[in-house]
Amino acid sequence: MDFLCDLWDFLKVRKKFWLAPIILVLLLFGALVVLTSGSAIAPFIYTLF
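Residues numbered from 1 in each chain as written. Predicted model: local features only at pLDDT ≥ 70, side-chain atom pairs only at ≥ 80, totals over all residues. Heavy atoms only, no water.

### Describing the overall build of the chain
Short version of the rule: Numbering of helices and strands starts at the N terminus; helices are DSSP runs of H or I of at least 4 residues and strands are runs of E of at least 2. Buried residues are those whose accessible area, probed at 1.4 Å on protein chains only, stays under 20% of the maximum for their type, while exposed residues exceed 50% and partly exposed ones sit between those limits. Here, Shrake-Rupley sampling with a 1.4 Å probe gives the accessible areas, and only protein chains in the shown set may cover a residue.
When helices and strands are counted, the chain shows three helices and zero strands. Traced from its N-terminal end to its C-terminal end, the chain shows the element sequence α-α-α. Dimensions of the chain, computed from C-alpha atoms along their principal axes, come out at roughly 45 × 20 × 10 Å. A burial count over the chain gives 8% of its 49 residues as buried. When the accessible surface of the chain is split by element, carbon and sulfur atoms take 77% of a total near 4,300 Å².

See below:
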């Protein structure tokens, strides 16, 4: 949780709000790959990459 607070402070102080959507999309793709790694839809997810 401390990492998220530090990251938010960095974005706020340095005015790098454009990084927030990039980080969010990367986290969503990472979660998608992890959650579907053992399922039947995994081959369809890997075709996206």
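Further notes follow.
### Focus: unusual backbone geometry
Positive phi is not limited to glycine here, since K15 has a value of about 55°. With respect to the secondary-structure elements, K15 resides in the loop between α1 (2-14) and α2 (19-35).

### Brief notes about α1
Applied cut-off: What a helix should span is 1.5 Å times the count of its residues minus one.
Across its 13 residues, α1 extends 18 Å between first and last C-alpha, which sits within 8% of the 18 Å expected from 1.5 Å per residue. Positive backbone phi, approximately 55°, marks K15, located one or two places after α1.

### A few points about the environment of K12
Topologically, K12 is positioned in helix α1. C-alpha of K12 to C-alpha of A31: the two residues are 19 residues apart in sequence and 25 Å apart in space.

### Notes on the packing of aromatic side chains
This is how the line gets drawn: Note on ring pairs: Phe, Tyr and Trp rings are taken, using the six-membered ring of Trp, and paired if centres are within 6.5 Å. Classes follow the plane angle, with under 30 degrees stacked, over 60 edge-to-face and the rest tilted.
Under the definition given, this model contains one aromatic pair. Relative to F17, the ring of W8 has its centre 5.9 Å away and its plane inclined at 55°; by these criteria the two rings are tilted. Residue F17 is classed as partly exposed on the basis of its relative accessible area, which comes to 42%.

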